[in-house]
Amino acid sequence: MPDSLTLNKITAQRGMSINEATRRVADLGWTPSYVQEAMTFPTDYKIKKTPRDPMKQVLRSYFPMQEEKDNRVYGALDAALRGDMFRNVEPRWVEWMKLFLAIIPFPEISAARSMAMVGRLAPGEELRTGFAMQMVDEFRHSTIQMNLKKWYMENYIDPAGFDITEAAFGKCYASTIGRQFAEGFVTGDAITSANIYLTVVAETAFTNTLFVAMPSEAARNGDYALPTVFLSVQSDESRHIGNGHSLLMSLINDPDNHLLLERDLKYAFWQNHAIVDAAIGTFVEYGTTNRDRNKESYAELWHRWIYEDYYRTYMLPLEKYGIKIHHDDVAAAWDRIVKNHYVHYTAQFFSVGWPVNFWRIEAQTDRDFEWFEHKYPGWYTKFGEYWKWYAKLSHKGETNILFNTDTGYVYPHRCWSCMVPCLIREDFCYDEVDGKTYTYCSETCRWTHKVAFAAEYEGRPTPAMGRFSGRREWESCYDGWDLADAITDLGFVRNDGKTLVPQPHLHFDDSKMWTLDDVRGHTLGSPLMNFRKLSVEEKEKAAAEYRKGFVINALN
Amino acid sequence: MSVTETQTIQKSGAAGSAKFAGSDSRKYNYFEPKGRKASHYEDMTVDVQPDPERYLLQDWIINFADGTPTYDKTWTALKSSNWHQFRAIDQEWERTHYQRQSTIVGMISNVIENGRRSGAPGRFDRAWVKVLTDHLGAYKHAEFGLGTATMQAQRYGYTQMINNAILTNSSYKLRFSQDLTLYLGELALDIEGFDQEAGKQHWLEDPVWQGTRQAIETVMGTSDFLEQYFVTNIVFEPLVGELFRSGFIMQMAAAQNDFMTPAVVSAAEGDYERNLANAVELFHLLVLDETHGEHNRKLLISWMNKHGALALLAAHQLQPIWSQPRVKAAQFTDVLDLAKNRARAIAAEIGFDVRATLDQ
């Protein structure tokens, strides 16, 4: 056969160019003249400039490409089972997946729903194809993650917690923050939620820590399934980032939008930081057994992905369009992670609350201590004694750490804005909105609730902006309840009717597992409800006391 | 040994390596399956969109400015005693969706590639080529309109099952509108003088298409998302969509030397069977609802009256197209009768009467 003869050359025929194909597809739309398109969700932004689709892809190539990605994912899951992955997987890691995978499918499908909101707002049809593909992508992500979770449930040693996953998601005090994330994508001003909060900040910045950094840690813990699924998910994100940026560019050219853009970038960056760094930081740093000193810590990952990659190359260039970037917030977020121990306080909070979790958390050990001290100098002084207490109190028969007053831990207030507790005590603040007192983890979260989510912003009416609602402080749902009754109500009891789903250890042995009887006799309370009962002076005094923080007592 | 070194090392993290409370609980246990066992589709779908009436302890935590929560039952005038009862008949989740869409793309690509390679477009009857440019070219916009209307509608449903069924409906419609667009573009490579602009011009200006455009724009302009879903699958598809695709293109094409177009268009017929099954299941459940069934039945009849009249007007306006091919292989009156019978059969399956609309 001549060297030059190939199958492609035999079968090739003249086709349409990509540009021609996307131009024709974009021309499918028209301006209705008989009936105007239905009003969709409102926005206070003005969109005059038609956004362009940077990806230039059509569904004819999209579907086979996605099917091929799926084939690789499902093939890898089969291979993992054949290779007996679970024999070597680290249970410490998989336990945290009960929380992570309970949270993430709802934000994903919310992103699909949000495409309806931006799809109709953006003038022209070119980007609508991009939004349509993102809609189907997000449907992919939500159901592929439900499938991964089912796969863990079927093959991991302890399925309890996976088996109740979506019920647990709706009830758990930790998954609250995931709901804030998801509802933020689809509720309120359509551009604020579906463009700035979702694509410009969450997908462009924070999916890197979610879907790239975290899977690397999974692999270090013998879990090859999570990287397989999530790196495939992340490969779709570049399309979403393109959609978001394109719509942002059509907004940013109109100076009338700048005030709102500045508001939304501030709100979205800070809340993404507060939520994602709390959760993913904890999974990466405390869910791992790998203590390789050469690997990057979460703080180092954050610096690479959020500071260098996002802030310096994406956010800063926006200034040339005349909008103010909140450099101080980026610096403050960085300080919270490296100086104020945000991730470590979050892990501490999650572990204090283990009886109302639906996954297991084991104690950190000496090996972990060394790594933390190496990566976060001063960590041992601050947190070493606490984890020793945690190990001691993980044994059945001890008073559970949530109610054990010997430790010195003070249960935190909940932030009404990001819904993570007010863990950096010195930053705690409170304010009144519509005559009611609320507590916040930081000044920016106070601003988010009181100033950003309001009917006007800096004198400009913002009728489309959403409002915080619901029973946002989880603790108030069980104020005055006995701990055992609350756990029963949550449904976090195993199928023998008495053993708790959560355990403060990794013993897969009935004799060591805590039951309802082991936690009965302690009454839950709402910090906010108690705080609201105080007089003005008492509130200020209590806040000052709270800001002083607490000291963990030495374990004798 | 220090206090922090007391954890037992578990030898294996694999299922079955230890027995303890809950170690055998390997099924999602928070919803009632439709059948004896939960299907994989149900496991992937049910309860992912939460509901304060089920497990959402803290209620929706962000509202729109007027107090409307993230999801609200008032976004449709239809009522249900249990919105969570519905399961999509086609049981689609991401993997099956991509497999099916990709198979269709492959089928269409093969037909077009092989047809073009054999020189088939050059043998199309000249009058038929004009039908393709003007009318198949116009019809692609109708499909796009339904795709965007359902893309909009998938935000509003009260459960994940409803919204995902509408989402896949949208995905199928948008793919098919692009299938037609690219197919016509490829024919233009092989047929000299093939006018790719003609379709949109006919869609916007030709009186033959104005009834269809009005019907589609009315779907796009409807603010009730289940009205959009109903009109798409229960009204427009049988009375106009199938009428044109099956009753005209697929019946006429072979007689005009065209074996390619019917194969391309057949994909939409397959898509519709699945979308129809999902829609019939949903509306049937709503009509059977013990508390709200009668209210729902009356509402569906009123939607049928309003949109059915537009669809019938659109269908009648399309009649001249049946005269344009050189070889007349199908009669408009025959296929319209079939379309009406189809709509009657669908309505009967759901459980409402369409005589007021169709038997005028």
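Before reading further, recall that the structure is shown in the block above.
Summarised in this report is the structure supplied together with it.

Reading guide: rules and limits
Residues numbered from 1 in each chain as written. Chains lettered and ligands numbered in written order. Predicted model: local features only at pLDDT ≥ 70, side-chain atom pairs only at ≥ 80, totals over all residues. Helix = DSSP H or I, 4+ residues; strand = E, 2+ residues; numbered from the N terminus. Contact = placed C-beta atoms within 7 Å. Expected span 1.5 Å × (residues − 1). Buried ≥ 20, exposed ≤ 12 C-beta atoms within 10 Å, placed from the backbone. Nonpolar A, V, L, I, M, F, W, Y, C, P; charged D, E, K, R; others polar. Pairing = 2+ DSSP bridges. Bend = angle between axes of the 7 residues up to and from the residue. Core = buried A, V, L, I, M, F, W, Y, C linked by C-beta atoms within 7 Å.

1. Thoughts on the overall build of chain B
When helices and strands are counted, chain B shows eleven helices and one strand. In sequence order, chain B lays out its α and β elements as α-β-α-α-α-α-α-α-α-α-α-α. Along the longest, intermediate and shortest principal axes, the C-alpha atoms of chain B span 90 × 50 × 40 Å. Looking at chain B alone, contacts between residues at least 24 apart form 79% of all its contacts between residues at least 6 apart.

2. Here's the deal with helix α2 (residues 94-117) of chain B
Residues spaced three or four apart along an α-helix face the same direction, because each turn holds 3.6 residues. In this model, α2(B) (24 residues) spans 34 Å end to end at C-alpha, consistent with the 34 Å of a helix rising 1.5 Å per residue. The positive-phi residue at the C-terminal boundary of α2(B) is Gly119(B), with phi of around 80°.

3. So, the environment of Asp277(A)
Residues and elements named next belong to chain A. Looking at the element boundaries, Asp277 is found in helix α12 (residues 258-286). Residue classification places Asp277 among the buried residues on the basis of 24 C-beta atoms within 10 Å. Through-space distance from the C-alpha of Asp277 to that of Leu5 is 55 Å; in sequence the pair is 272 residues apart. Not counting chain neighbours up to four residues away, the residues in contact with Asp277 comprise Trp302, Ile337, Tyr342 and Val343.

4. Examining the environment of Ala18(B)
Within the secondary structure layout, Ala18(B) lies in the segment before α1 (40-45). Not counting residues within four places of it along the chain, the set of residues in contact with Ala18(B) comprises Ile157(A), Phe508(A) and Ser23(B).

5. Re the interface of chain B and chain A
At the interface, 91 residues of chain B touch 114 residues of chain A. Elements with a contribution of two residues or more to the side of chain B that touches chain A: α1, β1 (62-63), α2, α3 (126-153), α4 (160-190), α5 (198-205) and α6 (207-220) of chain B. Of the residues assigned to the side of chain B that touches chain A, the class counts are 32 nonpolar, 40 polar and 19 charged. Here two bridges tie strand β5 (residues 467-468) of chain A to β1(B), and the two strands are oriented antiparallel to one another. Residue pairing across strands places Arg467(A) opposite Asn63(B), the latter belonging to β1(B).

6. Topic: α3(B)
Residues and elements named next belong to chain B. Relative to the 40 Å expected for 28 residues at 1.5 Å per residue, α3 spans 40 Å between its end C-alpha atoms, a close match to the ideal helical length. Where α3 bends most, the angle comes to about 30°, and this point is Leu132. Burial analysis of α3 places 24 of its 28 residues in the buried class, the great majority of the element.

7. Here we look at the pairing of strand β2 (residues 436-440) of chain A
Sheet faces and side chains relate simply in a regular strand, where the side chains alternate between the two faces. Residue and element names in this part refer to chain A. Pairing geometry for strand β1 (residues 429-433) and β2, over five bridges, is antiparallel. Bridge pairing links Tyr430 to Thr439 in β2. Hairpin connection, β1 to β2: the antiparallel pair is bridged by two residues, and Asp434 has positive phi, about 50°.

8. Some remarks on the nonpolar core
Core analysis: the largest hydrophobic core is formed by 263 residues, its most contacted members being Val420(A), Ile487(A), Leu239(B) and Ala311(B). Those residues in contact with Val420(A) that lie beyond four places of it in its chain are Ile177(A), Ala274(A), Ile275(A), Ala278(A), Thr346(A), Cys415(A) and Cys441(A). Counting twelve residues, the second largest nonpolar core, distinct from the first, contains Trp389(A), Tyr390(A), Leu393(A) and Tyr409(A).

9. Observations regarding unusual backbone geometry
Residue and element names in this part refer to chain A. In this structure, Met419 is a non-glycine residue whose phi angle is positive, near 70°. You can see Met419 is positioned in the loop between α17 (379-392) and β1. Given 27 C-beta atoms within 10 Å, Met419 falls into the buried group. The phi torsion at Asp434 lies on the positive side, around 50°, for a residue other than glycine.

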